[in-house]
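Spelled out from the first residue to the last, the chains are:
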Amino acid sequence: MKQEATIYVAGHRGMVGSAIVRNLQAKGYENIIIRTSSELDLRNQAAVADFFAAEKPDYVFLAAAKVGGILANNTYRAEFLYDNLMIESNIIHSAYKNDVTKLLFLGSSCIYPKMAPQPLREESLLTGLLEETNEPYAIAKIAGIKLCEAYRSQYGADFISAMPTNLYGPNDNYDLQGSHVLPALIRKFHDAKINDLPTVEVWGTGSPRREFLHADDLADACVFLMNNYDGELFVNIGVGDDVTIRELAEMVKDVVGYEGELRWNTDKPDGTPRKLMDVSRLHAMGWKHTTDLREGLELTYQDFLANEVLYVE
Ligand code: GFB
């Protein structure tokens with residue numbers, strides 16, 4: 001991407017999109033195009049077509065999506081499927097129609113079969129059944145990968161896809177019903193510390209394993225791929241290391257400085273037993289993350305404290 005290129009970041013208010021905007025600005029890109037969801041409803045085909053025809057961006061980062069943790073995915077199954085299918089179909093098709101030079105689509109590690117061999121290699125896509133709690137989201141994200149592949153093979157469009165592992169960082173969702181585990185634990189332990197509560201409820205058994213990548217590292221990897229990768233196969237983005245939910249909970253508890261007990265609610269689902277990314281292809285290209293989990297948690301708790309009023313309404 002040349003410095004003067006026009007770059008549309010879809011989803012700039014979310015954790016991933018806002019991190020991509022920060023990363024692009026830090027690298028000197030100035031022509032960044034953004035729209036809020038009230039200015040442009042990405043589920044509206046005509047609105048998206050008009051926007052692309054008027055703006056004609058050179059590059060597109062497709063970071064807009066309906067996202068959430070295990071409970072939100074399992075509850076709003078229709079929205080997770082419909083909204084995501086519409087957003088990605090509208091943007092990818094309009095990008096092709098308006099000769100976008102290159103597009104990067106962002107998926108998720110939940111596209112892999114629930115029982116795929118670990119660590120998860122890109123070749124495992126569509127080799128088995130998906131995890132039930134997030135099947136609608138995973139199906140929409142798999143459709144996004146296939147759209148990029150199909151527009152590449154039929155029309156020669158330079159559309160690539162990246163699959164990040166579980167993410168965390170500034171502008172995350174701290175709503176306890178909708179959030180992912182890491183922001184949920186930060187908020188729960190913080191609230192319990194402030195209110196002197198003896199226990200904190202944590203969901204499931206604590207035995208599932210998850211890998212966590214800081215959003216700023218993800219954004220850096222996305223800009224790296226936009227500048228250095230143009231293959232058909234999507235690319236995993238992660239750290240290559242994971243922890244159990246119990247280990248994560250102990251670490252968050254320590255960072256927050258809460259001294260009470262954990263209470264495991266096994267009525268809540270565990271979800272996929274393990275989702276560890278094989279990141280050897282990304283490492284072979286020359287990119288590696290820089291923020292480890294402990295450091296990232298400390299940064300994220302500081303960010304939570306600074307923005308608590310915004311994050312917790
Ligand atoms: O982060 P999370 O919601 O999503 O949950 P997934 C990860 C694990 O943490 C599960 C446990 O085993 C949860 O039961 N957990 C413990 C908690 N306490 C809590 C809590 O207070 N809140 C939450 N949310 N979890 C999502 C998918 O799966 O991951 C999406 O549903 C997407 O589609 C995303 O792929 C990255 O990692 O299980």
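Values in this document were obtained by computation on a predicted structure and should not be read as measured data.

Explain the site of the ligand to me, and be specific about the residues and the numbers.
The local shell around the ligand holds 22 residues, among which I70, K188, R210, P269 and D270 are the closest. Contact distances for the ligand include 2.7 Å between an oxygen atom and a side-chain N or O atom of K188. The separation between an oxygen atom of the ligand and a polar side-chain atom of R210 is 2.7 Å. In the complex, 97% of the free accessible area of the ligand, which totals 700 Å², lies under the protein chains. Those elements giving two or more residues to the shell around the ligand turn out to be α3 (70-75), α6 (181-194) and β7 (199-203). Broken down by element, the shell around the ligand gets its largest block of residues, three residues, from α6. A breakdown of the residues in the shell around the ligand according to their chemical character gives 10 nonpolar, eight polar and four charged.

Mind laying out helix α4 (residues 77-97), listing which residues take part and the relevant values?
If you check α4, its first and last C-alpha atoms are 30 Å apart, about what 21 residues at 1.5 Å a residue would give, namely 30 Å. All of the buried residues in α4 are F80, D83, N84, I87, E88, N90, I91, I92, S94 and A95.

So, the environment of C222: which residues are in play, and what are the values?
With respect to the helices and strands, C222 occurs in helix α7 (residues 215-228). Each C-alpha atom, one on C222 and one on V16, is 10.0 Å from the other, the two residues being 206 residues apart in sequence. What C222 contacts, discounting residues up to four positions off in sequence, is I20, F61, L104, L106 and I237.

Before we move on, can you summarise the packing of aromatic side chains with the specific residues and values?
On inspection of all chains with the given rule, the structure shows 13 aromatic pairs. Taken together, a centroid distance of 5.5 Å and an interplanar angle of 35° make the contact between F189 and Y258 tilted. Taken together, the residues span a long stretch of sequence, with F189 in helix α6 and Y258 in the loop between α8 (245-256) and β12 (261-265) at a distance of 69 residues. With a relative accessible area of 0%, F189 lands in the buried category. Taken together, Y96, Y151, Y155 and F159 form an aromatic cluster joined through their ring pairs. Its guanidinium or amino end placed over the ring of W203, K268 lies 5.2 Å from that ring's centre, counting from NZ or CZ.

Which residues make up the sheet that holds strand β11 (residues 243-244), and what are the values?
Paired through their backbone hydrogen bonds, the strands of a sheet run either parallel or antiparallel. Here three strands make up an open sheet; going across it, the order is β11-β8-β13 and the pairing mixed. This sheet does not close on itself; its edge strands, each paired only once, are β11 and β13 (274-275). Inspection of the sheet shows strand β8 (residues 209-210) paired to β11 by two bridges, in the antiparallel sense. When the sheet's bridge partners are listed, R210 is paired in β11 with V243.

So what's going on with unusual backbone geometry? Residues and values would help.
Peptide bonds are trans in most cases, and residues, glycine excluded, mostly fall at negative phi. A cis amide bond, omega -10°, links Q118 with the succeeding residue P119. As for its placement among the helices and strands, P119 is situated in the loop between β4 (102-106) and α5 (135-155). Even without being a glycine, D99 presents a positive backbone phi close to 55°. Relative to the assigned elements, D99 resides in the loop between α4 and β4.

Each value, and the rule that gives it
Residues numbered from 1 in each chain as written. Predicted model: local features only at pLDDT ≥ 70, side-chain atom pairs only at ≥ 80, totals over all residues. Heavy atoms only, no water. Near = heavy atom within 4 Å. Polar contact = N/O pair within 3.5 Å; in protein donor to acceptor, adjacent residues only side chain to side chain. Areas by Shrake-Rupley, 256 points an atom, 1.4 Å probe, with all protein chains shown as cover. Helix = DSSP H or I, 4+ residues; strand = E, 2+ residues; numbered from the N terminus. Nonpolar A, V, L, I, M, F, W, Y, C, P; charged D, E, K, R; others polar. Expected span 1.5 Å × (residues − 1). Buried < 20%, exposed > 50% of the residue type's maximum accessible area, 1.4 Å probe, protein only. Contact = heavy atoms within 4.5 Å. Phe/Tyr/Trp six-rings, centres within 6.5 Å; stacked < 30°, edge-to-face > 60°. Lys NZ or Arg CZ within 6 Å of the ring centre and 35° of its normal. Pairing = 2+ DSSP bridges.

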